[in-house]
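# Working through the structure, step by step
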2 protein chains.
Amino acid sequence: MTDTLNDRLADYTAVAAELGVDAVALVPGPNFARAVQHPFSSHERPFVLIAPVDRAPVALVPNLELGSWDLVGFDGQVFDWRDQDGYDAAFGAMLSALKIGSLAVEGQVMRVFVHHAMLRAQPDLRIVDGEVAISALRMIKTDADIEAMQAAIDISERALAITLESVRLGQTEKQVEQRLVQALFAEGADGLAFSPIVAAGDGSARPHAKARDDYALKAGDPLLIDFGAAKNGFAADITRTVFLDHVTDEGRAVYDTVLRANMAGLEVTRAGVTAHRIDDVVTGVLEASPFADRIRTKTGHGLGREVHEAPYIMRGNHLELPAGTVYTNEPGLYEIDNFGVRIEDDVLVTEDGYKSLTSFPKDLTVLKC
Amino acid sequence: MTDTLNDRLADYTAVAAELGVDAVALVPGPNFARAVQHPFSSHERPFVLIAPVDRAPVALVPNLELGSWDLVGFDGQVFDWRDQDGYDAAFGAMLSALKIGSLAVEGQVMRVFVHHAMLRAQPDLRIVDGEVAISALRMIKTDADIEAMQAAIDISERALAITLESVRLGQTEKQVEQRLVQALFAEGADGLAFSPIVAAGDGSARPHAKARDDYALKAGDPLLIDFGAAKNGFAADITRTVFLDHVTDEGRAVYDTVLRANMAGLEVTRAGVTAHRIDDVVTGVLEASPFADRIRTKTGHGLGREVHEAPYIMRGNHLELPAGTVYTNEPGLYEIDNFGVRIEDDVLVTEDGYKSLTSFPKDLTVLKC
């Protein structure tokens, strides 16, 4: 457990050493937030924190952020720049002072304009994608992390209950989404972890469907809701699929298959299990069913400051999950022009098993509405 | 005015020709949304749409997005990939089929992992940052764009009125923020254009402050609220600063200066004015005041699908603004450990002047609360 900004920067220095590069660069996003414990965003302005192996850290900070930057307790050198002057001179000054030959960056976070600005300032700088090693520092959640995630999940589950109570046939997907979002904020969300998916009928067959304002809920529809609150910098990510008024035999059979897959994944979860093994068991249940041709996704992904983060729960990923990992167990079956079902829990890996941070009921539910 | 996906892709082909490269690549984000008129996000999965100069467009699509992708009416070749297989083979197949030597990308949107994946697939591919030219296609708003922005702004202004009515001394910044967010969704927002800034007292001196849950509003505080709804893919971005219970002479003088700067910017706005000229006039008012040392930012930025987009309203940017541009006019004065004031309007440039899309009163307001 690290406590100070310098301790946390030392974690990134260790990553640089592990990767055989001279430094690690972070830009606003989840790793930056972990390091400085304060939310920053970047928009069009480069903002870079660099932890070198053998000297003090430096930061390139937009001038208008200096007041907020003062709050993080950074004692390294700061190269600030003003909109009027542009940022090339600041990159030049920073890289001249640093004297590094190679740099690991977050490939999933850093945008190309920052990459190019660094290469303009130092054309021989070797930039490598250190995403996996850098973000791995976020994989084992601290107690404080888990507390924040549980708060996000509890808010989300209360909002889901409120939303489902208000669902009526004839409402549009969009109306259900609006109700859900209002309930999330009323229950204490800081924000939305992502744009919610509220999909009924054939819409549920698209894993990343957007709520339609021209589709009215009808009897027999599955209603798939995939959503989450953001709270204190952490995300919830939950899916439940319910049926409206009644459920067909096909709907019931698909739902039961997905639920068995979800449960099978939970059963093999404990510290040391590989991501491959969980997906193999979960997807194996789907493959052994009559609905194998409806498989479209892997089992899930890590969850924390980002909605999607390491570890990715998929065959071929032989990473052994340490205790403290939180992942989404979200099997689904989707048939285009017919319907889809997904059930998603947020699962904490423990030494001797798991703890599901989600507790919303997942027995097949038919809403009389 | 372009109407079909192929028409819009032809716009990007024209940009490629203008930049002297063989193709333009778009990844999920505002330009991608303009092109396909459907919201997509990318997370950890590469998703790339390429418009080459002399052949049909192609797309690299995550397999689980194929159902949603079918909705956009794309008739080019699709290279899909599944999580289990990774995406390198799809990039290889796509670039082999394309046979291009150079590619312009959106530097502010594309992340380094996609850049690196393309270079793994084709090490001699020349990738240039085409951000400015690519995003310039979004600068002149269509009537439909303006309608969506006005809807976002109207929602935001109603939410601000509701929020200010409920402000009471002793509330925390965080409580005011929660009220604002709930009001935004109750009034019809699809989402938040960005994380709102609700900053009172010394917090108002930090241009990008975050609402505190341990700061209670007190008599004499300025209360700065910078926020916006997202609606139909477009953003609002509005700031008002009010004073609680009473205003000091210093507060009044600073406020009047900022308001004069804002008005001076409006007065010179018409089609053909340069971004430089607007900022020069606005910042000139601030510089001529006793508070010149409190200037921290440029005048503003373009507004549309992104909260911050071209044109950036700053000295040195000699771009002549065409009719149909929407920009934020947001002068401010900030003194660390004292307070800050910002007033921000969303301004449509017209042939013979401007239309302020924001209409919330900006006379100095003292809330008796």
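Attention shifts here to the overall build of chain A. Each helix and strand in chain A was counted, giving ten helices and 20 strands. Over its C-alpha trace chain A gives a radius of gyration of 23 Å, about what one expects of a compact globule, namely 21 Å for 369 residues. Across its three principal directions, the C-alpha atoms of chain A cover 70 × 45 × 35 Å. The proportion of buried residues among the 369 residues of chain A is 62%. Of the roughly 13200 Å² of accessible surface on chain A, 50% is carried by carbon and sulfur atoms. The centroid of the 34 positive side-chain charges in chain A is displaced by 3 Å from the centroid of its 55 negative side-chain charges.

Rotating chain B by 180° and moving it 0.0 Å along the rotation axis overlays it on chain A with an RMSD of 0.0 Å. Both copies are brought into coincidence by an operation consistent with a two-fold rotation axis. By C-alpha distance to the rotation axis, the residue of chain B lying nearest is B:Arg111, at 2.1 Å. A share of 98% of the interface residues of chain B reappears at the interface of chain A, consistent with the copies meeting face to face through the same patch.

Residue and element names in this part refer to chain A. A rise of 1.5 Å per residue sets the reference length of helix H1 (residues 5–19), with its 15 residues, at 21 Å; its end C-alpha atoms lie 21 Å apart and thus fit the reference within 8%. Tucked into the core, H1 has its buried residues touching strand E1 (23–26), helix H2 (30–36), strand E2 (48–52) and helix H6 (131–136). Of the residues one or two after H1, glycine 20 is the one with positive phi, at around 75°.

Before going further, it helps to spend a moment on the sheet that holds strand E7 (residues 191–192) of chain B. Residues and elements named next belong to chain B. In spatial order, the strands read E7-E10-E11; together these three strands make up an open sheet with antiparallel pairing. Whereas interior strands pair on both sides, the edge strands pair on one side only; in this sheet they are E7 and strand E11 (234–235). Both E7 and strand E10 (residues 229–231) contribute to a ladder of two bridges, which runs antiparallel. In the strand pairing of E10, leucine 192 is matched with alanine 229.

Okay, the pairing of strand E6 (residues 126–129) of chain A next. Residue and element names in this part refer to chain A. Of the pairings in the sheet, the one linking strand E5 (residues 102–105) to E6 comprises four bridges and is parallel in character. Bridging across to E6, valine 105 finds its partner in aspartate 129. As a crossover connection, the stretch from E5 through helix H5 (residues 112–121) into E6 is right-handed.

Turning next to the packing of aromatic side chains. Residue and element names in this part refer to chain B. For the structure shown, the criterion picks out 23 aromatic pairs over all chains. An angle of 75° between the planes, with centres 5.2 Å apart, marks the rings of phenylalanine 32 and phenylalanine 47 as edge-to-face. Pair noted here: phenylalanine 32 is in helix H2 (residues 30–36) and phenylalanine 47 is in the loop between H2 and strand E2 (48–52), with a separation of 15 residues, a long-range link. Phenylalanine 32 gets classed as buried once you look at its relative accessible area, which sits at 1%. Of the residues examined, phenylalanine 47 reaches a relative accessible area of 1% and is grouped as buried.

Our next topic: the interface of chain B and chain A. Contacts between the two partners involve 50 residues from chain B and, on the opposite side, 50 residues from chain A. Where chain B abuts chain A, roughly 4700 Å² becomes buried across the two surfaces, and 53% of that area is made up of carbon and sulfur atoms. Mapped onto the side of chain B that touches chain A, the elements with two or more residues apiece are helix H3 (66–69), helix H5 (112–121), strand E6 (126–129) and helix H8 (173–186) of chain B.

Residues and elements named next belong to chain B. Across the interface, helix H7 (residues 143–166) lies against H8 with an axial gap of 8 Å and an inter-helix angle of 140°. By the angle between their axes, H7 is oblique relative to H8. When you trace H7 past H8, the crossing you get is right-handed. Taking contact as the criterion, the partners of Ile155, Ser156, Ala159, Leu160, Ile162, Thr163 and Ser166 in H7 are, on H8, Val176, Arg179, Leu180, Ala183 and Leu184. The residue inventory of the contact of H7 with H8, partitioned by class, reads eight nonpolar, three polar and one charged.

Moving on, we get to the environment of B:Leu303. Residues and elements named next belong to chain B. You can see leucine 303 is positioned in the loop between strand E13 (300–302) and strand E14 (309–313). Assessed through its relative accessible area of 0%, leucine 303 is described here as buried. Taking C-alpha positions, leucine 303 is 10 Å from isoleucine 140, a pair spaced 163 residues apart along the chain.

Once that is clear, we can look at the nonpolar core. Judged by nonpolar contacts, the single largest core of 82 residues is most densely connected at A:Leu164, A:Leu223, A:Ile225, B:Leu164, B:Leu223 and B:Ile225. Apart from residues no more than four positions distant in its own chain, B:Leu164 is found in contact with B:Leu223, B:Ile225, B:Val242, B:Phe360 and B:Leu367.

Turning next to the pattern of salt bridges. Residues and elements named next belong to chain B. Summed over the entire model, instances satisfying the criterion amount to 48 salt bridges over all chains. For glutamate 173, the salt bridge is made with arginine 212, and the minimal N-O distance between the two is 2.8 Å. With a gap of 39 residues between them, glutamate 173 in helix H8 and arginine 212 in the loop between strand E8 (197–200) and strand E9 (222–227) connect regions that are remote in the sequence. One exposure class covers both glutamate 173 and arginine 212, and it is buried.

Residues and elements named next belong to chain A. With respect to the secondary-structure elements, leucine 266 resides in helix H9 (residues 249–267). Of the residues examined, leucine 266 reaches a relative accessible area of 4% and is grouped as buried. Excluding its chain neighbours within four sequence positions, the residues that come into contact with leucine 266 are Asn329, Asp345, Val347, Tyr354 and Lys362.

Moving on to the domain arrangement of chain A. In terms of domain boundaries, chain A breaks down into domain 1 (5–136) and domain 2 (143–367). Placing the centre of domain 1 of chain A and that of domain 2 of chain A at their C-alpha centroids yields a distance of 35 Å.

Turning to its location among the elements, B:His308 is positioned in the loop between E13 and E14. Of the polar contacts made by the side chain of B:His308, one reaches the side chain of A:Glu44; its length is 2.8 Å. Excluding residues within four positions of it along the chain, B:His308 makes contact with A:His43, A:Glu44, A:Arg45, B:His301 and B:Gly302.

Residues and elements named next belong to chain B. The strand order across the open sheet formed by four strands is E8-E9-E12-E20, and the pairing between neighbours is mixed. Edge positions in the open sheet fall to E8 and strand E20 (366–367), since each of these has one partner strand only. In this sheet, strand E12 (residues 238–244) lies alongside E9 in antiparallel orientation, the contact comprising six bridges. Each residue of the ladder has a partner; that of leucine 224, found in E12, is threonine 241.

Of all residues in chain A, 99% attain a pLDDT of 70 or more, and the chain-wide mean is 95. Overall fold confidence (pTM) sits at 0.85, and the ipTM for the predicted complex is 0.83.

Moving on: helix H9 (residues 249–267) of chain B. If you check H9(B), its first and last C-alpha atoms are 27 Å apart, about what 19 residues at 1.5 Å a residue would give, namely 27 Å. Taken together, the buried positions of H9(B) are B:Gly251, B:Val254, B:Tyr255, B:Thr257, B:Val258, B:Leu259, B:Ala261, B:Asn262, B:Ala264, B:Gly265 and B:Leu266.

Quick notes on the rules
- Residues numbered from 1 in each chain as written.
- Chains lettered and ligands numbered in written order.
- Predicted model: local features only at pLDDT ≥ 70, side-chain atom pairs only at ≥ 80, totals over all residues.
- Heavy atoms only, no water.
- Helix = DSSP H or I, 4+ residues; strand = E, 2+ residues; numbered from the N terminus.
- Rg over C-alpha atoms; globule rule 2.2 N^0.38 Å.
- Buried < 20%, exposed > 50% of the residue type's maximum accessible area, 1.4 Å probe, protein only.
- Areas by Shrake-Rupley, 256 points an atom, 1.4 Å probe, with all protein chains shown as cover.
- Lys, Arg positive; Asp, Glu negative; His and termini not counted.
- Charge placed at Lys NZ, Arg CZ, Asp CG, Glu CD.
- Least-squares fit on C-alpha atoms with pLDDT ≥ 70 in both.
- Contact = heavy atoms within 4.5 Å.
- Expected span 1.5 Å × (residues − 1).
- Pairing = 2+ DSSP bridges.
- Right-handed = clockwise from strand over helix to strand, strands pointing away.
- Phe/Tyr/Trp six-rings, centres within 6.5 Å; stacked < 30°, edge-to-face > 60°.
- Buried area = accessible area lost by both parts, 1.4 Å probe.
- Axes fitted to C-alpha atoms, helices over the stretch in contact; angles between N-to-C directions.
- Parallel < 35°, antiparallel > 145°, perpendicular 65-115°, else oblique.
- Left-handed = near helix turned anticlockwise from the far one by under 90°.
- Nonpolar A, V, L, I, M, F, W, Y, C, P; charged D, E, K, R; others polar.
- Core = buried A, V, L, I, M, F, W, Y, C linked by side-chain atoms within 4.5 Å.
- Salt bridge = Lys/Arg side-chain N within 4 Å of Asp/Glu carboxyl O.
- Domains from an automatic or database assignment.
- Polar contact = N/O pair within 3.5 Å; in protein donor to acceptor, adjacent residues only side chain to side chain.
- pLDDT = per-residue confidence, 0-100.

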